[in-house]
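Coordinate inspection notes
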Amino acid sequence: MGIDLRRDMHVRARRSGARGVVLRHWRHTNGHIWAEVRFVNGDTATVRSTHLERITLTEEEQRELSSQSAGSLTDPLELMQRTIDRSIKVTGDCGTAITNAFDEILRPDGTPLTEAELRTVRGQVIPEEPLDEEKAKRKAQQVREGRQTTRSRQLEVRYAGEHEPGIVIISCNVCRRRGASRHEWRVALDASGVMDGTALHKIRSHCGQFASVRHASTLEHCVALGRLTGRVFSQRASDASRLPAKRSYKAAVPVVRKQATTTPSRPVKRARPSKRALAAEEAAKNAPRLQIHDGRKFVDVKRDAGRSVRYHRLARRLQALLKEGNHAVGQSYPVQFRAPRSTSDRCLELARLLLTKGLVAKVPVAKAADVQALRQARLALERHPQLCDIPITSAMDTEAHALALDETRVRRIERMALLFVAHQLWTPARVRRFASAVNEDDADDLLRDADCAKAACRDADALLAWRASDEALRSEDSSRLDAWRASLDDCPVRCDLDTPSARPPTKLDEAWNAPSAAANRCRRALREAEVGRDEARHREAALENDVFTGRHRTRTTPSAVLQAGWTRRWRDAQKVAEVFVEVFENAQKNENTINDAACMLLVRAARALPDVGAYIGAHLVRSLLAVHDLTLPLDAWGPFTMSDDSVGQMRELLGDQVCATPMQLRVALAQELGSLEVDAGDLALILCETHSCWALACRHAQHHASWNHDALLQALRDTPVDWAVKVREVLLDEYHLPFDPQVVYHPAHKLLLVTMVAKGLHDVNVLRMAPPASLALPRPVYRVWAPGDSPSREEVPPAPEPEEPGPPAPAPSAFSPMEDLAPMPPVPRLAPTLGAQYGSEVYAAGVAGGPAPAAFAI
């Protein structure tokens, strides 16, 4: 087990015994915790927490570390160079470990080896030879005998220049000398000289430190390094897929064929998909689909052909809006020289601009479309004749008054549980359909009772399971329970119904999915919320599929909610709803203000709901606070950062100086925005939206120069004043839906992506397809089609010719050239780190219109 790391903690490395102080720590995607440690000897290393132990440094050691941070080792470039020198260690065939700084052998005349001597000719067939360490040692001794040596380095670090502040270039001298076209990396420079773990791993892999993943350029680096040091390195890769392109794997490794045997080989055991996944796949295969007309035929709106129609139409309409205001389209923005800024400053700058331009429009939270639909569902349920509060009159006696209060509390719990299900449906259209479908149906309830009786007659275990699940609701459903008991006359199973037993571990019959009348009412409403064949519902669902990316596609459809067991575990939902009702009633008595401790209690209680985790639980609490007009004080973040979600990560990126409390963030944002009337829930939403845009920009900045921080901010500033409102209106109009400025569907990162596409600064694959013939139509033509219907080709009346020619298609963004080394994979969620400096002008020369740099970015 690793220790609980803290910044500036004194630690000791278990293996080497080195003593130092923690500069920073983070959690890797695999769950391990790593720390960057500054040791007393001046080195900076990345160490796993399980390899550290907590100690107390002596006063002399603390003075030594203080002198390093404020004395001789103040240059972060030198600290980064020392980190690389210590981290690189490549082992040759002879067993000798070669570090970053090595002894280079010279030619007999004392000159260094030339490029021709270091270059590797691809296409040569390497003979298959077993690895012989003794032979490699003798060969290395013969090569190095009598030769002069000089001290050299594999990797060296230098500043990129004044036009790229905060950026350093890591250059591979070995690959430069052998004539490789790509031999440099550009990384952000941290003030403490800390090197990002991803970049460090990449350069170690390039140098050949991991023999199991050596690819073509790494093999050539190792061969050249062996000639410079006089050592022997194997030229064979461990994986056939990583061999050089011009080299034949079959020629290098002979194929060994097995003799046929009569004994059949045992088949490979593969993991079978779950029944839920198979059922969802089968339902999706046979479900009706929305299709869009491209001018010649109908195509599936979710396929590439349908996405191409939508993106071409969207880019054309938005570019027309930009050109009306004389805003640039397809023009890159030059990077201006600015002083280096911290990650916190750049995040804060991005958040202010997103709020100013209206991309973050869900503030307050009540403006969000899903929250407004949830509020409408609450009002509809409160007007329901069987779920409304019992009015209290003066004519009631004491007993009637008590019964009315008890019945009102039961109904409030029922309404809150139904709001849980409505929130789980996630999208506004489904929430409205669900709330309107909550009705009584005595015939269906009687049918449910009959199904339960028949299932009980078939299986005694199922009867016991039904008794265990329905026992807590008998007081509320006593009349139907009596009728159900009377139907058991012919049942061969006889047992005591008043003594509940544990649920048996058997699969329940479908009849037990609604163990009470209340659960059956919820089940009917969920069935009514399905999309069906109605085109208007499909268009709403298609819009929501663009807006609510991710989770809703698999687990928030009505069928998925039923499969998750919400109606089967209805009593669990009612228990959680009881906690919510009690907390909300107390908050309403306290001037509609809920404290942080009560909010934390709600988030923890929501974890007991089916298919609800930390993030969905926090979102549920934040939405219901807005629905019930409750405010959260600005003194703590508590319930919205319980897990490693976007809010918590954005807080880490902003730092305690900006975002220690909600009030502190509100003051920081209001410095440029003026008054900002928000509560802690609204600020949490601002952090969530900003983090989505930050992660999107970081992911695309790896390959697109236009997504660098300064270029992105300039592109956003070069838009109309009401640009976000116009984009939202166009997005809704494309699905034939009305637009209301006070109802916000689209999140900030969706509007940001659409803006970059409209300005021609982001490349979308489907835009490379041919433009559809339906661009002249004012709105696209849709239809609902299911397998077995008529063929998908159908003629549509041609639209009138437009009066003016439309703007050209958006120009694709320029990609950075990459040959020898693959780029760093995109990281959709950013762990807080001082080393990952997004916004640095990595592609400054390319953006400014100059020649593209010879290095690629990490």
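The rules behind the values
Residues numbered from 1 in each chain as written. Predicted model: local features only at pLDDT ≥ 70, side-chain atom pairs only at ≥ 80, totals over all residues. Heavy atoms only, no water. Helix = DSSP H or I, 4+ residues; strand = E, 2+ residues; numbered from the N terminus. Buried < 20%, exposed > 50% of the residue type's maximum accessible area, 1.4 Å probe, protein only. Contact = heavy atoms within 4.5 Å. pLDDT = per-residue confidence, 0-100. Pairing = 2+ DSSP bridges. Axes fitted to C-alpha atoms, helices over the stretch in contact; angles between N-to-C directions. Core = buried A, V, L, I, M, F, W, Y, C linked by side-chain atoms within 4.5 Å. Parallel < 35°, antiparallel > 145°, perpendicular 65-115°, else oblique. Left-handed = near helix turned anticlockwise from the far one by under 90°. Nonpolar A, V, L, I, M, F, W, Y, C, P; charged D, E, K, R; others polar. Phe/Tyr/Trp six-rings, centres within 6.5 Å; stacked < 30°, edge-to-face > 60°.

Points about the environment of R317
Counting through the fold element by element, R317 comes out in helix 10 (residues 304-324). Taking relative accessible area as the criterion, R317 reaches 27% and is therefore assigned partly exposed. It is 9.8 Å that separates the C-alpha atoms of R317 and P778, two residues lying 461 residues apart in sequence. Excluding residues within four positions of it along the chain, R317 makes contact with V730, D733, E734 and P778.

Structural notes on the environment of A542
With respect to the secondary-structure elements, A542 resides in helix 19 (residues 535-547). We classify A542 as buried; its relative accessible area is 10%. As for A542 and Y735, which are separated by 193 residues in sequence, their C-alpha atoms are 8.1 Å apart. If we skip the residues at most four places from it in the chain, A542 touches L290 and Y735.

Quick look at the confidence of the model for the protein chain
Of all residues in the protein chain, 73% have pLDDT values of 70 or greater, and the mean over the chain is 76. Per-element mean pLDDT across the protein chain ranges from 32 in strand 16 (residues 856-857) up to 93 in helix 12 (residues 369-382). Counting contacts from residues 236-263, a segment whose pLDDT is below 50, to residues more than four positions away or on other chains yields 30 contacts. Between residues 792-858, whose pLDDT stays under 50, and residues either more than four places distant or in other chains, the model counts 174 contacts.

With respect to the sheet that holds strand 1 (residues 10-13)
Taken together, five strands build an open sheet; the order of strands is 4-3-2-1-5 and the sheet is antiparallel. In the strand order of this sheet, the two ends are held by strand 4 (44-48) and strand 5 (52-54), each with one partner. This sheet shows a mean twist of 45 degrees between the axes of neighbouring strands, independent of strand direction. Where strand 2 (residues 19-27) and strand 3 (residues 33-39) come together, seven bridges link them in antiparallel fashion. By the bridge assignment, V21 is partnered in strand 3 with R38.

As for unusual backbone geometry
Note the cis peptide between V363 and P364, where omega equals 0 degrees. With respect to the helices and strands, the residue P364 is situated in the loop between helix 11 (343-356) and helix 12. Unlike most non-glycine residues, N326 shows phi in positive territory, near 60 degrees. As for its placement among the helices and strands, N326 is situated in the loop between helix 10 and helix 11. Within the chain, D611 stands out as a residue other than glycine whose phi angle is a positive 60 degrees. Checked against the element boundaries, D611 lands in the loop between helix 23 (596-606) and helix 24 (614-627).

Remarks on the nonpolar core
A general feature of soluble globular proteins is that nonpolar side chains tend to end up buried together. Membership of the largest hydrophobic core comes to 119 residues, with the highest contact counts inside it found for F420, F434 and F580. For this core, the element with the highest residue contribution is helix 28 (residues 680-701), accounting for 13 residues. Beyond its immediate chain neighbours, meaning those up to four positions away, F420 contacts W566, A573, V576, A577, F580, L609, L620 and L624. Of all hydrophobic cores here, the second largest spans 30 residues; its members include L113, V157, C172 and L228.

Re the packing of helix 13 (residues 398-425) against helix 14 (residues 428-436)
Where helix 13 contacts helix 14, the axes come no closer than 8 Å and their chain directions differ by 150 degrees. One way to sum up the angle between helix 13 and helix 14 is to call them roughly antiparallel. The handedness of the crossing between helix 13 and helix 14 is right-handed. The segment helix 13 lies against helix 14, with L418, V421, A422 and L425 engaging R430, V431 and F434. Class assignment for the residues of the contact of helix 13 with helix 14 results in six nonpolar, no polar and one charged.

Considerations on the packing of aromatic side chains
Under the criterion given, the structure shown has three aromatic pairs. Relative to F580, the ring of F420 lies with its centre 5.0 Å away and its plane at 75 degrees, an arrangement referred to as edge-to-face. Residue F420 is located in helix 13, and its partner F580 is located in helix 22 (residues 570-589); the two are separated by 160 residues in the primary sequence. Like F420, the residue F580 is buried in the burial classification. Relative to F584, the ring of F580 has its centre 5.9 Å away and its plane inclined at 75 degrees; by these criteria the two rings are edge-to-face. A residue pair is termed a helical-turn pair when its members lie 3 or 4 positions apart in one helix, as F580 and F584 do in helix 22 at four residues. The exposure classification of F580 matches that of F584, with both residues buried. Linked through ring pairs, F420, F580 and F584 together constitute an aromatic cluster.

Quick look at the pairing of strand 13 (residues 289-293)
With respect to burial, strand 13 is a largely interior element, four of its five residues being buried. As paired strands, strand 13 and strand 15 (residues 782-785) are joined by four bridges and run antiparallel to one another. Within strand 15, the residue paired with Q291 across the bridge is R783. Pairing of strand 13 with strand 14 (residues 298-300), which is carried by three bridges, proceeds in the antiparallel orientation. Within the sheet, the bridge partner assigned to I292 lies in strand 14 and is V299. Counting the residues between successive antiparallel strands, the hairpin from strand 13 to strand 14 contains four residues, one of them, G295, with a positive phi of roughly 105 degrees.

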